[in-house]
Number of protein chains: 2
Amino acid sequence: MKLFDGGRAPNPRRVRVFLAEKGIEVPLVPVDMGALEHKGETVSSRNPLRRLPVLELDDGTILTESVAICRYFEELHPEPALFGKGALGKALVEMWQRRMELNLMLPVAFAFRHIHPAMKEWEVPQIPEWGEANKPKAIGFLRLLDRELAGRPFVAGDAYSIADITGMIAVDFMKPARIQVPPECTNVLRWHGEVSSRPSAAA
Amino acid sequence: MKLFDGGRAPNPRRVRVFLAEKGIEVPLVPVDMGALEHKGETVSSRNPLRRLPVLELDDGTILTESVAICRYFEELHPEPALFGKGALGKALVEMWQRRMELNLMLPVAFAFRHIHPAMKEWEVPQIPEWGEANKPKAIGFLRLLDRELAGRPFVAGDAYSIADITGMIAVDFMKPARIQVPPECTNVLRWHGEVSSRPSAAA
């Protein structure tokens with residue numbers, strides 16, 4: 001088994017943090033996304049969408065999509081449960097994982113890719129108006145999240161989950177996207193500080 | 001238990017088709033999205049994101065996000081398995097479900113919401129250039145999907161899954177978004193015809 005890894009990019013990091021929380025070690029094959037190596041043969045022969053990370057099993061089976069790779073490891077190593085426990089627990093983690101992804105990670109990614117000068121060759125056409133339109137979406141969702149986090153330690157409840165991983169990395173991604181957490185969102189800032197201080201955050 | 005339903009919109013339909021495949025009946029509460037009723041108190045008090053569908057359990061617990069609602073029912077009624085079986089089977093369904101969503105459903109939705117005149121008040125600001133930029137993304141993914149479907153009956157393998165539901169509804173959504181399946185994508189057309197002829201498709 002080997003994991004084709006993309007370094008600092010948000011999605012590869014999601015899987016590395018997940019594996020660190022599980023205590024699972026998988027051999028990494030570094031791919032230099034800055035040098036556009038993910039557009040080359042090594043990745044595109046394994047993932048026609050030419051995105052990272054890519055997990056290759058020993059029999060050659062390919063798994064892509066960060067959350068699908070994480071789910072594979074969750075099924076093989078159920079503890080600690082990062083996708084929730086029980087029907088309702090699993091559904092609530094899925095709900096929050098998707099909310100973090102669709103309402104925070106995605107708007108932040110659009111703001112970064114459609115505004116940042118370094119993304120001009122990655123995102124064609126780059127549409128700054130669309131990037132700007134996403135900044136208030138991200139901020140609006142953070143205000144909603146702040147109200148939720150007033151009543152519980154983690155995004156999906158009392159236990160750390162994949163929704164916290166997606167959320168932490170989305171907030172970190174706000175820096176290059178030049179969006180700030182509103183200072184009055186004290187619960188978001190408290191939560192982000194806590195999840196960022198876990199050893200897994202350095203993965 | 002009751003399901004606040006949004007009629008013809010793609011996400012409410014995803015859950016109805018899923019329930020029909022499972023043979024589960026849940027009392028529906030119709031919400032008229034055409035009259036913007038999902039922006040009103042009934043929905044916003046249950047889902048601050050003001051989106052449908054919303055599942056309310058008998059104890060008042062709220063579940064939102066179509067895929068999270070589907071997963072809740074999958075856990076309670078595992079057969080027929082629509083999220084895959086076994087670690088690898090579940091991961092492959094998740095991979096394809098996400099590919100269909102991020103590379104087809106989402107671009108089609110952006111094309112619809114940013115170009116269609118009826119969406120002017122829904123999507124503010126409406127950015128036609130962004131809508132147009134998404135059409136080739138959807139078409140490009142359909143060509144990839146066509147090559148995949150040359151070798152198997154369903155999106156994620158030999159069994160019908162939630163990835164087929166998302167895919168079927170994304171293709172149907174192409175009509176109001178004014179995008180056509182390229183006629184040379186004969187495998188996509190064959191697959192879409194087959195999944196559309198299942199009784200669940202009428203849900």
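Right above here is the structure, for reference.
Residues numbered from 1 in each chain as written. Chains lettered and ligands numbered in written order. Predicted model: local features only at pLDDT ≥ 70, side-chain atom pairs only at ≥ 80, totals over all residues. Heavy atoms only, no water.

A. Structural view of the pattern of salt bridges. All told, the structure shown has 36 salt bridges over all chains when counted by the stated rule. A salt bridge links Glu101 of chain A to Arg14 of chain A; its shortest N-O distance comes to 2.4 Å. Taken together, the residues span a long stretch of sequence, with Glu101 of chain A in helix H4 (residues 86-115) and Arg14 of chain A in helix H1 (residues 10-22) at a distance of 87 residues. Relative accessible area serves as the criterion here: at 7%, Glu101 of chain A is assigned to the buried category. Put simply, Glu123 of chain B and Arg113 of chain B hold a salt bridge, and the shortest N to O gap is 3.1 Å. (Salt bridge = Lys/Arg side-chain N within 4 Å of Asp/Glu carboxyl O. Helix = DSSP H or I, 4+ residues; strand = E, 2+ residues; numbered from the N terminus. Buried < 20%, exposed > 50% of the residue type's maximum accessible area, 1.4 Å probe, protein only.)

B. Here's a closer look at the interface of chain A and chain B. Taken together, the 42 residues of chain A in the interface contact 42 residues of chain B. Summing the contributions of chain A and of chain B, the shared interface buries around 3,700 Å²; its carbon and sulfur component is 65%. When the area that chain A buries against chain B is broken down by residue, the three leading residues are Arg98, Arg99 and Trp130 of chain A, summing to 15%. One can count 10 salt bridges joining chain A with chain B. For Glu123 of chain A, the salt bridge goes to Lys137 of chain B, with nearest N and O atoms at 3.4 Å. Applying the counting criterion to the chain A and chain B interface returns 12 residue pairs in polar contact (both at pLDDT 80 or more). At the level of elements, strand E4 (62-64), helix H3 (66-76), H4 and helix H5 (128-149) of chain A are the ones that each hand at least two residues to the side of chain A that touches chain B. Broken down by class, the residue content of the side of chain A that touches chain B amounts to 23 nonpolar, 6 polar and 13 charged. (Contact = heavy atoms within 4.5 Å. Buried area = accessible area lost by both parts, 1.4 Å probe. Polar contact = N/O pair within 3.5 Å; in protein donor to acceptor, adjacent residues only side chain to side chain. Nonpolar A, V, L, I, M, F, W, Y, C, P; charged D, E, K, R; others polar.)

C. Spotlight on the relation of the copies chain A and chain B. Screw-axis analysis of chain A against chain B gives a translation of 0.0 Å along the axis, an RMSD of 0.0 Å, and a rotation angle of 180 degrees. Classification of the inter-copy transformation places it as that of a two-fold axis. Taking C-alpha positions as reference, the residue of chain A nearest the rotation axis is Trp130 of chain A, located at 3.4 Å. Most of the interface of chain A is mirrored in chain B, where 100% of its interface residues again form contacts. (Least-squares fit on C-alpha atoms with pLDDT ≥ 70 in both.)

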